[in-house]
Amino acid sequence: MRRTRIWILGAAMAGVLGGAGLVGVGMMRDSGGSTRPLAGTFSEAGVRAPAQAAPRQGAQAQAPAVQKTPSPAAVRAARVKALDAALKKYAASAPEFSVAVLDRRTGQRYSYRGTEKYETASVVKVQVLACLLLKAQDARRDLTATELSLAKRMIRLSDNDATTSLFSKLGRASGVSACNKRLGLTETKVNSAWGLTRTTVNDQVKLLAELTDTSGPLDAGSRKLAYTLMSTVDDSQDWGVPAVARSTEKFTVKNGWLARSTENYRWIINSVGRVTGPGTDVSIAVLSHDNATMSGGIATVQKVAKLTRQHLKY
């Protein structure tokens, strides 16, 4: 009799253990192959998982929280913060640079180290062109054939001799400085050696704006000529700002490059220009110096310009 009770007890225990094994198999199966325990079964530790309580009748479901759409100002602030961080991170391992962006659709401006001064190298040629056009306007005339030929060579080919001729015609440093006041360039110091003129990215985007502003000092004919020349630079010089433009967009550009003898022949690399297209109209200026090579400086300028587009979403 004692033996029979022991046998029955053993069979019962086996049944319990066998059931646990079947439950364990069930826990490993669902439509996605998950190992998540099924509600109300034994968990892997052998403890029954609590079943979810049914909602009380009459209880109201909690309303979902309403998500507020960020204001345009908040969106802009977040983008600026992200761009500041990205440029600061890049600056830790790159030669010194500054960048400014003016979005003509919104009027919003952005600058990183915007008041830092750099030598212009050949981007000063945009100033010379603007002053030449103003001088002709003042005399109520078009550019002469000689002036136009020199201007084409200066902008499209970055010809230095043509620039020197026009710089002299404008009255050299004093004449261009007087013109800069009309253009609103308050942070630009013209040098008698025109390529060593010092400027800021803030002033450069201001100058680019004057080349397009219908209420600015340049008339429609002057603005059109400046655009034509800066949008038809020689193919060898369409680097810098053009790297930002998409295939459906147009660009203008003037670049500057100079191996500076006072800086162990390290390179000044600058690029200024405008990108336009569906929903886009921005002016960009990137100035840099202390580049080990010209190609390295071009890569730096283009990287900086692309970061502005990535984060400002223009």
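Residues numbered from 1 in each chain as written. Predicted model: local features only at pLDDT ≥ 70, side-chain atom pairs only at ≥ 80, totals over all residues. Heavy atoms only, no water.

Let us now look at the nonpolar core. Core analysis: the biggest nonpolar cluster contains 43 residues, and Leu129, Met154, Phe167, Leu183 and Leu211 have the highest contact counts within it. Of all the secondary structure elements, the ones that give two or more residues to this core are β1 (97-103), α3 (124-138), α4 (145-156), α5 (160-169), α6 (172-183), α7 (201-210), α8 (220-230) and β7 (280-291). No other element matches the 10 residues that α3 contributes to this core. The contact partners of methionine 154, leaving out residues within four places of it in the chain, are Lys125, Val128, Leu129, Asp159, Ala162, Thr163, Leu166 and Lys254. (Core = buried A, V, L, I, M, F, W, Y, C linked by side-chain atoms within 4.5 Å. Buried < 20%, exposed > 50% of the residue type's maximum accessible area, 1.4 Å probe, protein only. Helix = DSSP H or I, 4+ residues; strand = E, 2+ residues; numbered from the N terminus. Contact = heavy atoms within 4.5 Å.)

With respect to topology, five strands assemble into an open sheet ordered β2-β1-β7-β6-β5, the strand pairing being antiparallel. For this open sheet the edge positions go to β2 (109-112) and β5 (250-260), each flanked by a neighbour on one side alone. Neighbouring strand axes in the sheet, compared pairwise and without regard to direction, differ in orientation by 5° on average. Inspection of the sheet shows β5 paired to strand β6 (residues 266-277) by 11 bridges, in the antiparallel sense. (Pairing = 2+ DSSP bridges. Axes fitted to C-alpha atoms, helices over the stretch in contact; angles between N-to-C directions.)

The relation between two aromatic rings is expressed through the spacing of the ring centres and the mutual angle of the planes. Throughout the structure, instances matching the rule amount to three aromatic pairs. Connected via pairs of aromatic rings, a cluster forms that spans Tyr90, Phe97 and Tyr112. The side chain of lysine 303 reaches across the aromatic face of tyrosine 90, ending 5.9 Å from its centre. (Phe/Tyr/Trp six-rings, centres within 6.5 Å; stacked < 30°, edge-to-face > 60°. Lys NZ or Arg CZ within 6 Å of the ring centre and 35° of its normal.)

Quick look at the pattern of salt bridges now. With the rule as written, the count across this model stands at 13 salt bridges. Ionic pairing is found between glutamate 116 and arginine 113, a salt bridge with its closest N-O pair at 3.6 Å. Here glutamate 147 and lysine 169 are joined by a salt bridge, their closest N and O atoms 3.4 Å apart. Separated by 22 residues along the polypeptide, glutamate 147 in helix α4 and lysine 169 in helix α5 bring together distant segments of the chain. Overall, the relative accessible area of 43% leaves lysine 169 in the partly exposed class. A single salt-bridge network, built from bridges that share partners, covers Glu96, Arg113 and Glu116. (Salt bridge = Lys/Arg side-chain N within 4 Å of Asp/Glu carboxyl O.)

In terms of burial, β6 is largely enclosed, as nine of its 12 residues are buried. Where β5 folds back on β6, the antiparallel hairpin that results is connected by five residues, among which asparagine 264 adopts a positive phi of roughly 55°. In this structure, β6 lies alongside β7, joined through 10 bridges in antiparallel fashion. Following the sheet pairing, threonine 276 is matched in β7 by aspartate 281. In this structure, the hairpin formed by β6 and β7 is closed by a connection of two residues, where glycine 279 is found at a positive phi of approximately 80°.

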